[in-house]
Amino acid sequence: LDGAVGRQVRDLACGLAHTVLVTEGGEVLAWGENKYSQCGTSGTTPVARPVFLGALLGVRIRSVACGGAHSAVISETGKIYSWGMGASGQL
């Protein structure tokens, strides 16, 4: 968890094969299987080490939830962001 070293963990959630972490500072890191972009990166390549989600930089996140191949977070202002597989309407 190199990216999270020195940061307090606020929330953590796991999907079928991916993990998303929210720091006390509201930053989001993700890693794991990424076939459906469930890690929130711009591709579908597996993410071996925790990476910060660039799309959420500057947005303070409060909590996270994960499904099998999708992820969702809630910002401190109440806005919901979701990504990953949404074929069954889960996004």
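The structure under discussion appears in the preceding block.
Residues numbered from 1 in each chain as written. Predicted model: local features only at pLDDT ≥ 70, side-chain atom pairs only at ≥ 80, totals over all residues. Heavy atoms only, no water.

A. Region of interest: the sheet that holds strand E2 (residues 18–23). Here we have four strands laid out as an open sheet, ordered E1-E2-E3-E4, and antiparallel in their pairing. Every interior strand has two partners, whereas the edge strands, strand E1 (9–14) and strand E4 (47–52), have only one. Going from strand to strand, the sheet's axes swing by 15 degrees on average, the running direction of each strand aside. As judged from the five bridges shared by E1 and E2, these two strands associate in the antiparallel manner. Following the sheet pairing, Leu12 is matched in E2 by Leu21. (Pairing = 2+ DSSP bridges. Helix = DSSP H or I, 4+ residues; strand = E, 2+ residues; numbered from the N terminus. Axes fitted to C-alpha atoms, helices over the stretch in contact; angles between N-to-C directions.)

B. Examining the sheet that holds strand E5 (residues 61–66) more closely. Read across the sheet, three strands follow the order E5-E6-E7 without closing on themselves; strand pairing throughout is antiparallel. Either end of the sheet is taken by a strand with one partner, and the two such strands are E5 and strand E7 (80–84). If you compare each strand with its neighbour and ignore which way they point, the axes differ by 15 degrees on average. Examined bridge by bridge, E5 and strand E6 (residues 70–75) share five bridges and lie antiparallel to one another. Counted as the bridge partner of Ser63 is Ile74 from E6.

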